[in-house]
Structures are given as C-alpha cells and as structure tokens.
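Chain and residue survey
Listed below are the residues making up each chain.
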Amino acid sequence: MQQRHIRIGESSFPYLFGSGCLDAIAETLHTLDTDRFVVVTDDHVFGLHGHALLRALGDGTPVTVLRHGPGEAMKTLPCLAEHIEHALADGATRRSVIVSFGGGVPGNLAGLMASLLFRGVRLVHIPTTTVSAMDSVLSLKQAINSRVGKNHVGSYYTPTAVLADVELFGTLSPRELRSGLCEMAKNCLAIKPEIISELQEVLTTGNLAAPDSLLWLLDASISAKGQVTKNDTYERKDGLVLEYGHTVGHAIELLDHRQRDADGLSHGESIALGMLVAARISCARGWLTEEDVRIHDELVTSLGVTTTIPEGVTADRIIDTIRDDNKRGYLPLPDDAAAFVLLEQLGVPARSGELPLVSVGRQEVQDALDAFDAAGRDILTLSAADSIR
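Now for a quick tour of the structure. Positions within a chain are numbered from 1, following the residues in the order the chain's sequence is written. Whole-chain, interface and lining totals are the exception, using all residues; otherwise, since this is a predicted model, local features are given only for residues with pLDDT of at least 70 and side-chain atom pairs are given and counted only at 80 or more. Just so you know, side-chain values use all the structure's heavy atoms and leave hydrogens and water out.

1. Quick notes on the environment of Val166
Helix numbering and strand numbering both begin at the N terminus, where a helix is a DSSP run of H or I of at least 4 residues and a strand a DSSP run of E of at least 2. Secondary-structure assignment places Val166 in the loop between strand 9 (161-165) and helix 6 (174-190). With a 1.4 Å probe rolled over the protein chains alone, any residue whose accessible area is under 20% of its type maximum counts as buried; one over 50% counts as exposed, and the rest are partly exposed. Judged by relative accessible area, Val166 falls into the buried class, the value being 3%. Expressed as a C-alpha distance, the spacing of Val166 and Pro211, which sit 45 residues apart in the sequence, is 6.5 Å. Contacts are assigned to residue pairs with any non-hydrogen atoms lying within 4.5 Å of each other. In contact with Val166, not counting residues within four places along its chain, are Gly18, Ser19, Pro211, Leu214, Leu215 and Leu218.

2. Some details on helix 8 (residues 211-229)
Along an α-helix, a turn takes 3.6 residues, which lines up residues three or four apart on a common side. To estimate how far a helix should reach, multiply one less than its number of residues by 1.5 Å. Here helix 8 is 19 residues long and its end C-alpha atoms lie 27 Å apart, about the 27 Å a rise of 1.5 Å per residue gives. Buried within helix 8 are the following residues: Ser213, Leu214, Leu215, Leu217, Leu218, Ala220, Ser221, Ile222, Ala224, Lys225, Val228 and Thr229. In the core, the buried residues of helix 8 are packed alongside strand 1 (2-8), strand 2 (11-18), helix 5 (130-136), strand 9, helix 6 and helix 7 (196-205).

3. Brief notes about helix 4 (residues 104-116)
A rise of 1.5 Å per residue sets the reference length of helix 4, with its 13 residues, at 18 Å; its end C-alpha atoms lie 18 Å apart and thus fit the reference within 8%. Burial analysis of helix 4 places 12 of its 13 residues in the buried class, which makes it a mostly covered element. Listed as buried for helix 4 are Gly104, Val105, Pro106, Gly107, Asn108, Leu109, Ala110, Gly111, Leu112, Met113, Ala114 and Ser115. Following helix 4 by one or two positions, Phe118 has its phi on the positive side, about 50°.

4. Considerations on the pattern of salt bridges
For this document, the term salt bridge refers to a Lys or Arg side-chain nitrogen within 4 Å of an Asp or Glu carboxyl oxygen. This model, assessed by the stated rule, comprises 22 salt bridges. Salt-bridge contacts for Glu235 lead to Lys141; the nearest nitrogen and oxygen are separated by 3.4 Å. One end of the pair, Glu235, is in the loop between helix 8 and helix 9 (246-260); the other, Lys141, is in strand 7 (residues 141-144), with 94 residues separating them in the sequence. On the accessibility criterion, Lys141 (30% relative accessible area) is partly exposed. A salt bridge links Glu183 to Lys186; the nearest nitrogen and oxygen atoms lie 2.8 Å apart. Of this pair, Glu183 and Lys186 both sit in helix 6, separated by 3 residues, roughly a single helical turn.

5. Here we look at the environment of Asp367
On the secondary structure map, Asp367 appears in helix 13 (residues 362-380). Taking the C-alpha atoms as reference points, Asp367 and His152, separated by 215 residues in sequence, lie 28 Å from one another.

6. Focus on the packing of helix 6 against helix 10 (residues 267-284)
Where helix 6 meets helix 10, the axes come as close as 7 Å, and the angle between the chain directions of the two elements is 35°. As helix 6 runs across helix 10, the sense of the crossing is left-handed. Residues Arg175, Ser179, Cys182, Glu183, Lys186 and Leu189 of helix 6 lie in contact with helix 10, whose contacting residues are His267, Gly268, Glu269, Ile271, Ala272 and Met275. Only Asp, Glu, Lys and Arg are considered charged in this grouping, and only Ala, Val, Leu, Ile, Met, Phe, Trp, Tyr, Cys and Pro are considered nonpolar; every other residue, Gly among them, is considered polar. Classifying every residue of the contact of helix 6 with helix 10 by side-chain character gives 5 nonpolar, 3 polar and 4 charged. For helices, the axis comes from a line fit to the C-alpha atoms of the stretch in contact; other axes are also lines fit to C-alpha atoms, and the angle between any two N-to-C directions lies between 0 and 180 degrees. Crossings are assigned a handedness: left-handed for a near helix turned anticlockwise from the far helix by less than a right angle, right-handed for a clockwise turn.

7. Let's talk about the environment of Ser136
Within the element layout of this structure, Ser136 appears in helix 5. The partly exposed category is assigned to Ser136, whose relative accessible area is 22%. Those residues within four positions of Ser136 in sequence are excluded, and the remaining contacts are Gly104, Val131 and Lys225.

8. Let's talk about the sheet that holds strand 2
For two strands to be treated as a pair, DSSP must find no fewer than two bridges joining them. Taken in spatial order, the 7 strands make up an open sheet running 1-2-9-6-5-3-4, and their pairing is mixed. Sheet topology places strand 1 and strand 4 (63-66) at the edges, where each strand pairs with a single neighbour. Looking at each pair of strands side by side, their axes are set apart by 20° on average, direction ignored. Bridge count for strand 6 (residues 122-127) against strand 9 is 2 bridges, and the pairing is parallel. By the bridge assignment for strand 9, Val124 is matched with Ala161. Across the sheet, helix 1 (residues 22-30) touches strand 3 (37-40), strand 5 (97-102), strand 6 and strand 9, and the angle it forms with strand 9 is around 160°. Along the sheet, helix 2 (residues 43-57) makes contact with strand 3, strand 4, strand 5 and strand 6, crossing strand 5 at roughly 140°.

9. Some points on the packing of helix 6 against helix 8
Between two packed helices, what matters for the description is the angle formed by their axes and the separation of those axes. Helix 8 packs onto helix 6 with a crossing angle of 40° between their chain directions and a minimal axis gap of 10 Å. Viewed along their axes, helix 6 and helix 8 adopt a mutual orientation that is oblique. Where helix 6 crosses over helix 8, the two elements pack in a sense that is left-handed. Side by side, helix 6 and helix 8 meet where Leu177, Leu181, Met184 and Asn187 of the first sit next to Leu214, Trp216, Leu217, Ala220, Ser221 and Ala224 of the second. Its residues assigned to classes, the contact of helix 6 with helix 8 comprises 8 nonpolar, 2 polar and no charged. Just so you know how the angles are binned, under 35 degrees is roughly parallel, over 145 roughly antiparallel, 65 to 115 roughly perpendicular, and the rest oblique.

Rendered as structure tokens:
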C-alpha cells in the first residue's frame, strides 16, 4: 500500500491506500493489539464486502458488527445510542478499536461513537466509497444530524489510521462513484485550480473505476485537502473553504432525503448543485467571471450530475433550511442572511477577516436559484466531449 502522512493542525495519522489490499488492511488492523474490533457499517456495504472483511480478519480477535439500513436515517441520536449499548453489551473495552466500514454516514457515526466510548477509543476508517475516501475521512469532524439539520451533534476526533482499498469502489454504481468525484471537483475549484486540467483528462477516459484513475484521484484529494487543514485542526479558519457548495448543497440534500429517503440525491450530487448556485452568487457580485461559471457547469456536467433541483425542493424551502446551516455563529449575520463560502476567483475564497466566509442575503440566494433554474436546460445540453477541450 502507498502511504501518506495526514496532518490536521496538531493531529496526524497515516493514510494507507492501494488496490486489492484487503488482506494487508487486516494485517495492519491486527498490529493494533486490540481485544475487540467493533465494525460500524450499513446493511448494503456489509452485504457487498462484509464477509470478505471478516474472512481477512480471521478468528483470532472477536468482532462485533453493528449494522443499520443505509442512508441519513443512520446519522441519528437513537442509532448512536443503540450502537453504543450493543458494543458495551458485547464486551467493548478501552482497548477495543472502532472500525468504520462504509461511506461517510457510517464513518461519521463510528467517529462520534469512538470519541464517546470510555471518553475515547481508537478509530480506524476503511472507506468503501469515493466520497468517504476522498473527503470525509480527511477530517477530524465526526457528526450526526439533529431533527433541525445536518451535522449539529458531533465532535473532533483523530483516527488512528485510514486504510483504503480502491477495489472496494468497484461495486459502486456510476452515480455513487461520481458522487465522490464531485467533492474532488470542489477541491479543484476552491483550492487547487491548477489541477483542473488533469481532472478533466481523467474524466475524458470514461473509466473512472480503473484503479489507476482512482489512485490518482485519491492522492490528489489528499493533497488538496491537506493544503487547507494542515494548520487548522478544527476547520474553523482556512479549512472552512471545504464547505464550498455546502450551504445550499446541505439544504438540498436534507430536504430531498426527507421526502425520498435513500433515493434522494447523494451527498456529492447535492454539493455539486450547491457549488453551481454559489458560483452564480459570486458572479452576480462581480467576482467570478462567466467563464469561471462555465467551468463549474462543465465539470459538474461531465461528472454526470443532473443539474436540476429535485421536484418538491423549492427555493423557499432551501432558503428557510439554510438559516439552520451548521456554519451559523462564525459571522454576525442579519436575520435574512446565511454564511457562505464564495470564490473571488478560482482557488481564492472571499474572506471576512481571517475567515473564508461571507454573509449572503436571502434575495441573493433567491436570485442565484432563479438563475440556476433558468440555466438548467442549457447546462443539461453540455456533454463531456464538449466540456473537455
């Protein structure tokens, strides 16, 4: 496996990744001298990969498997409490290791669970989706949802390691695979625009599931995210740029999942739509150019994202929901405004003091949503061939 050293402020951990390396992952886990592995996953991931993981782990160390139906319904206080009680009843101790095995949802739940058990036990992430491998595990943020909104209940907690086998991504649907690449596109647009052309080259191959493509994408994601978190443990300063697209994106994701549950837009797709709206706000302010907006549209389109907001997720509902966005409190805001990450130019976030956040009024959001809706049909006509020149 290749290894990268991840530093986030004063915290650090190894990220090991390769292709066809599940046995090596199990060997690494066994070096931790644990009395029990507590595997947190969902029913879908366990059905696909769970038995392979258990075979690799062998019979030497007891394993507790905690499963739940996939989707945002897993990121709740009742599910967290049930998992903790189950782990303790099975004999989990301070020497036990929590292993998140799945996408961002099991990863967040496992991370928060590890931070709470005995005031902190060891945590290892084994991501099985591009979203988790390229984004969520590259953070100390562990959070679940409240009844009000996303990621309101959480902590910051450092994993012992991240161990990734890109072959596990081979069972992802094209939609799920591309969801993580939306986060990669976000990193390019907001942090490292100099690698946009390389991302476009990977997209033109049309074989995003190829191990070589996935290994490049993973390495590039680690590099981009590390650029803004290395001196920001809690992602409350420069690391906030990683929230690009998330203000509107989280609102769309939450509202869509409330009406369609697991059939709703993926996290990456939602964030992609949020970026397209944010780009239009920046353009209206005279920051991003029309060409910059076009680059946003073409990248998102080439990733296969349908550039329309789901039926029933209205502009009024989006605007009402972003008032409860988890970035509130960073800036003093009028009642009709929310905190956004906006770009003054590609790779350069607008700032309020030291923070890469600005206040955006309700009417600006409404105008941008209207502009996005009006442009939707034109965006949809873009093809990957047209967008990559």
